[in-house]
Amino acid sequence: QKEVEQNSGPLSVPEGAIASLNCTYSDRGSQSFFWYRQYSGKSPELIMSIYSNGDKEDGRFTAQLNKASQYVSLLIRDSQPSDSATYLCAVNDGDMGRRALTFGSGTRLQVQP
Amino acid sequence: EPEVTQTPSHQVTQMGQEVILRCVPISNHLYFYWYRQILGQKVEFLVSFYNNEISEKSEIFDDQFSVERPDGSNFTLKIRSTKLEDSAMYFCASSGDPSNQPQHFGDGTRLSIL
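Let me sum up the structure you'll find in this document. Values in this document were obtained by computation on a predicted structure and should not be read as measured data.

Some words on the overall build of chain B
Then, in step 1: The helix and strand inventory of chain B stands at 0 helices and 11 strands.
Then, in step 2: Relative to its length of 114 residues, chain B is compact, with a C-alpha radius of gyration of 13 Å against a globular reference of 13 Å.
Then, in step 3: In terms of its C-alpha atoms, chain B occupies a principal-axis envelope of roughly 40 × 25 × 25 Å.
Then, in step 4: Burial statistics for chain B: of 114 residues in total, 46% are counted as buried.
Then, in step 5: The contacts in chain B between residues at least 6 apart in sequence include a share of 53% that link residues at least 24 apart.
Then, in step 6: Carbon and sulfur atoms make up 45% of the accessible area of chain B, which totals about 5800 Å².
Then, in step 7: Of the charged side chains in chain B, 9 are positive and 15 negative; the average position of the first set lies 5 Å away from that of the second.

Here we look at the interface of chain A and chain B
Then, in step 1: Facing 21 residues of chain A, the contacting portion of chain B comprises 23 residues.
Then, in step 2: Summed over both partners, the interface of chain A with chain B comes to about 1600 Å²; 55% of that surface belongs to carbon and sulfur atoms.
Then, in step 3: Taken as a group, S43, R99 and F103 of chain A account for 34% of the area that chain A buries against chain B, more than any other trio of residues on that side.
Then, in step 4: Remark: the boundary between chain A and chain B carries 1 salt bridge.
Then, in step 5: In this structure, the salt-bridge partner of E3 of chain A is K42 of chain B, at a minimum N-O distance of 3.9 Å.
Then, in step 6: At the boundary of chain A with chain B, the tally comes to 7 residue pairs in polar contact (both at pLDDT 80 or more).
Then, in step 7: When contributions to the side of chain A that touches chain B are tallied by element, the ones reaching two or more residues are β4 (32-38) and β5 (45-50) of chain A.
Then, in step 8: Each residue belonging to the side of chain A that touches chain B can be placed in one class, and the counts come to 10 nonpolar, 7 polar and 4 charged.

Overview of unusual backbone geometry
Then, in step 1: Looking along the chain, the bond that leaves G9 of chain A and enters P10 of chain A is cis, with omega of 10°.
Then, in step 2: Here P10 of chain A lies in the loop between β1 (4-5) and β2 (11-14).
Then, in step 3: Of note, the amide linkage connecting T7 of chain B to P8 of chain B takes the cis form, showing an omega dihedral of -10°.
Then, in step 4: Topologically, P8 of chain B is positioned in the loop between β1 (5-7) and β2 (10-13).
Then, in step 5: Notably, Q70 of chain A is not glycine yet its phi reads approximately 55°, a positive angle.
Then, in step 6: Residue position: Q70 of chain A is located in the loop between β7 (61-66) and β8 (71-76).
Then, in step 7: Given the relative accessible area of 12%, Q70 of chain A is considered buried.
Then, in step 8: Of note in the backbone geometry, D78 of chain A takes a positive phi value of approximately 50° without being a glycine.

Remarks on the side chain of D83 of chain A
Residue and element names in this part refer to chain A.
Then, in step 1: In this structure, D83 sits in the loop between β8 and β9 (85-92).
Then, in step 2: For D83, a relative accessible area of 1% gives the class buried.
Then, in step 3: In terms of polar contacts, D83 uses its side chain to reach the side chain of R60, at 2.9 Å.
Then, in step 4: Not counting residues within four places of it along the chain, the set of residues in contact with D83 comprises R37, R60, I76, D78, L109 and V111.

Side note on the state of the cysteines
Residues and elements named next belong to chain A.
Then, in step 1: Enumeration according to the criterion identifies 2 disulfides over all chains in this entry.
Then, in step 2: For C23, the disulfide goes to C89, at an S-S distance of 2.1 Å. Residues C23 and C89 share a disulfide whose torsion about the S-S bond is about -70°; that sign makes it left-handed. One end of the pair, C23, is in strand β3 (residues 19-25); the other, C89, is in strand β9, with 66 residues separating them in the sequence.

Rules behind the numbers
Residues numbered from 1 in each chain as written. Chains lettered and ligands numbered in written order. Predicted model: local features only at pLDDT ≥ 70, side-chain atom pairs only at ≥ 80, totals over all residues. Heavy atoms only, no water. Helix = DSSP H or I, 4+ residues; strand = E, 2+ residues; numbered from the N terminus. Rg over C-alpha atoms; globule rule 2.2 N^0.38 Å. Buried < 20%, exposed > 50% of the residue type's maximum accessible area, 1.4 Å probe, protein only. Contact = heavy atoms within 4.5 Å. Areas by Shrake-Rupley, 256 points an atom, 1.4 Å probe, with all protein chains shown as cover. Lys, Arg positive; Asp, Glu negative; His and termini not counted. Charge placed at Lys NZ, Arg CZ, Asp CG, Glu CD. Buried area = accessible area lost by both parts, 1.4 Å probe. Salt bridge = Lys/Arg side-chain N within 4 Å of Asp/Glu carboxyl O. Polar contact = N/O pair within 3.5 Å; in protein donor to acceptor, adjacent residues only side chain to side chain. Nonpolar A, V, L, I, M, F, W, Y, C, P; charged D, E, K, R; others polar. Disulfide = S-S within 2.5 Å.

Below is the structure:
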């Protein structure tokens, strides 16, 4: 059973701070990694995708991947109240043509004004 | 920016009835997916579809579920005889080559079974 684990939170940070969200996955064959943001009652919205070890930056967001440790993280710099949402880590193993994303249960982020 | 569109936004159906959820994927995407999210739980994969056939399905996607691409733009999920436990948000997603392109989700259909 492939698992994606996240701390459910809530993670509370003050406005302007860095929020650090973490995710571990069980399938060492996983190849593609995604962070989605989900506001309450809404659909997952893609924030970042990362496919190789290291860091990938996009605006205030940085995704970090360490395949040896089976760990992927998301840093949000200069956090804003509008960043308050649940952040979903999703993994695709890409093995034998698999397309399915396996999602974690999400980390709820609260940015305090 | 292109987006995945889903209709209806909310569907209320009596238990045992058939329901069809509709999706229009992003126009140049070739891979299509359905996921569901029961209230308070994880997003769960149901099925993926490529080249007019199912490429992968989960244990949830049993004989009461089916998918179809009836024309060049729509992608549908049919639940033949709904059960109370089918109540959930159903999300359609689409992507280009999944080896290097992410899946983009529609706004979802909230399905309520009475």
